[in-house]
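Listed here are the chains, written in short residue letters.
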Protein chains: 2
Amino acid sequence: METKAAKTPRVALDREAWIKGAIAILAEHGAERLRVEVLAKRLGVTKGSFYWHFKDRRDLQNAVLQFWRDGRIHDIRKQTQAEPGGEAAALLHTIEVYSSARNRKGIAIEAAVRDWARRDPQAVAVVEEVDAERLACACRLFRACKLDEHEAQARSLLLYAYVFGVSLMRPGSFAGDLASLRTWIAGHIAR
Amino acid sequence: METKAAKTPRVALDREAWIKGAIAILAEHGAERLRVEVLAKRLGVTKGSFYWHFKDRRDLQNAVLQFWRDGRIHDIRKQTQAEPGGEAAALLHTIEVYSSARNRKGIAIEAAVRDWARRDPQAVAVVEEVDAERLACACRLFRACKLDEHEAQARSLLLYAYVFGVSLMRPGSFAGDLASLRTWIAGHIAR
DNA sequence: CATAATCCATACTGTAGCGTATGGAAAGAG
DNA sequence: CTCTTTCCATACGCTACAGTATGGATTATG
């Protein structure tokens, strides 16, 4: 009749497997279309399994938000630890990471979570935490570059607003060399 | 025979009324939750009416996108027409418009359409048209400020990426005076 | 081996929403 | 007035999905 799941006998999904699958859907289709039956099918099981691991859909959503928050905070701390003298390079690196095509999925998740935060208070709280940490880290780097507190804050805000904003835009055939524009911009922000 | 809805008898919704209602839902709940039955209820009718004015849901979505595109292109041309010497002020004004709290709904629509464009090809096309027009208009202003083509393009891209990006962020209690940060940033972008 | 705990499938109820079919009321045309 | 067009209501079938109930199968444990 049908498959016996010959590939992997008795895998036993755990919570994290569900969360990672959920994040994949989040990146591809957004928070609104994160549905338990769809996710279950993606993982090759039925929702009978889901409701053993999670109380309900909300439970999964919160778990996804926590997971994302922890990952982002861990990442930003790693990316912004620079040896003395390398702070400017670390700033440019941060900009590059968010503009990079090789980080497509990460950017998609970022956008999905931020859109999610437009309607969900839990998502708002998580995004605020992540933003606060990122702004604080960037601010430290700018201050290490001898900028005063106000300018460091302003440049930090500009930095993240730019990287998030540019991922929403479709410059299309705007410029001949988009890459050189981005390089100019990165320099103008990090200077 | 224009806007003859005096008392209440036989109001007769037209296509534009549906589109405007749809945009309100778009701003409040996003494209994914733009549903015809919900919209009908909002307008005080049933979907029997909807399917007289529109072929299907997709027909409404396309109409919404066209309407939004036409409005944005009209707006940006209006905002960026400056008398000689007023180009820098026009640029600052553009930044201010998108950052302003009194434009909350416009910003919400903007964000919704851009998120929409992450999955819908029609929305992608419209966003590309609008972005192209905006970038071109901003570019003209920067060039009028005696900047070379490359820098004008770079600053234009930075300008719009920033204004869209900042609307996605939750600076929370990041800075003591967020307004002064924005003023600094606006100056740094517009030069 | 026997029993319990773990993990998942199946079946069911209930709601939301899309699209269609059809009838009915209001307004204009003759 | 009658007839037609316009605009909307009602009723229907269908799909997607949330959550619950229950049983079955696998694995761990005494």
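Worth saying up front: this structure is predicted, and the values here are computed from it rather than measured. (Residues numbered from 1 in each chain as written. Chains lettered and ligands numbered in written order. Predicted model: local features only at pLDDT ≥ 70, side-chain atom pairs only at ≥ 80, totals over all residues. Heavy atoms only, no water.)

Draft legend 1. Up close: the nonpolar core. In terms of nonpolar packing, the biggest core is built from 64 residues, with A:Y160, A:Y162, B:Y160 and B:Y162 touching the most fellow members. Elements represented by at least two residues in this core include exactly α5 (87-99), α7 (121-144), α8 (149-166) and α9 (178-190) of chain A together with α5 (87-99), α7 (121-144), α8 (149-166) and α9 (178-190) of chain B. Apart from residues lying up to four places away in sequence, B:Y162 is in contact with A:L158, A:A161, A:Y162, B:I95, B:R182, B:I185 and B:I189. (Core = buried A, V, L, I, M, F, W, Y, C linked by side-chain atoms within 4.5 Å. Buried < 20%, exposed > 50% of the residue type's maximum accessible area, 1.4 Å probe, protein only. Helix = DSSP H or I, 4+ residues; strand = E, 2+ residues; numbered from the N terminus. Contact = heavy atoms within 4.5 Å.)

Draft legend 2. The protein's contact with DNA strand C, seen in detail. Near DNA strand C, the surroundings consist of 20 residues, among which A:L13, A:T46, A:W52, A:H53 and B:K47 are the closest. Each atom of DNA strand C within 4 Å of the protein was assigned to sugar, phosphate or base; sugar and phosphate come to 60%. Within the backbone of A:T46, an N or O atom sits 2.4 Å from a phosphate oxygen of DNA strand C. A:H53 places a polar side-chain atom, nitrogen or oxygen, 2.9 Å from a phosphate oxygen of DNA strand C. Elements that contribute at least two residues to the surface near DNA strand C include exactly α3 (47-53) of chain A together with α2 (36-42) and α3 (47-53) of chain B. Counting residues per element, the surface near DNA strand C draws most heavily on α3(A), at 5 residues. A per-class count over the surface near DNA strand C returns 7 nonpolar, 5 polar and 8 charged. (Near = heavy atom within 4 Å. Polar contact = N/O pair within 3.5 Å; in protein donor to acceptor, adjacent residues only side chain to side chain. Nonpolar A, V, L, I, M, F, W, Y, C, P; charged D, E, K, R; others polar.)

Draft legend 3. Representation of α8(B). In this model α8(B) runs 26 Å from its N-terminal to its C-terminal C-alpha over 18 residues, within 8% of the 26 Å that 1.5 Å per residue would give. Where α8(B) begins, the side chain of B:D148 points an oxygen toward the backbone nitrogen of B:H150, at a separation of 3.0 Å. (Expected span 1.5 Å × (residues − 1).)

Draft legend 4. Up close: the pattern of salt bridges. Residues and elements named next belong to chain B. Tallied over the entire structure, the rule returns 34 salt bridges over all chains. Here R15 makes a salt bridge to D59, at a shortest N to O gap of 2.9 Å. Remark: D59 occurs in helix α4 (residues 57-79) and R15 occurs in helix α1 (residues 15-29); sequence separation between them is 44 residues. Judged by relative accessible area, D59 falls into the partly exposed class, the value being 22%. (Salt bridge = Lys/Arg side-chain N within 4 Å of Asp/Glu carboxyl O.)

Draft legend 5. Spatial organisation of the interface of chain A and chain B. Listed by partner, the interface residues are 51 residues for chain A and 51 residues for chain B. For the pair chain A and chain B, the summed buried surface comes to about 4500 Å²; carbon and sulfur atoms form 69% of the total. It is A:M169, A:R170 and A:F174 that lose the most area in chain A upon contact with chain B, and together they represent 17% of the buried surface on that side. For the interface between chain A and chain B, the tally reads 0 salt bridges. At the junction of chain A with chain B, the criterion picks out 8 residue pairs in polar contact (both at pLDDT 80 or more). Mapped by element, the contributors of at least two residues to the side of chain A that touches chain B are α1 (15-29), α6 (104-116), α7, α8 and α9 of chain A. Per-element accounting of the side of chain A that touches chain B gives the leading share, 14 residues, to α8(A). (Buried area = accessible area lost by both parts, 1.4 Å probe.)

Bear in mind that shape data such as this cannot, by itself, settle questions of function.
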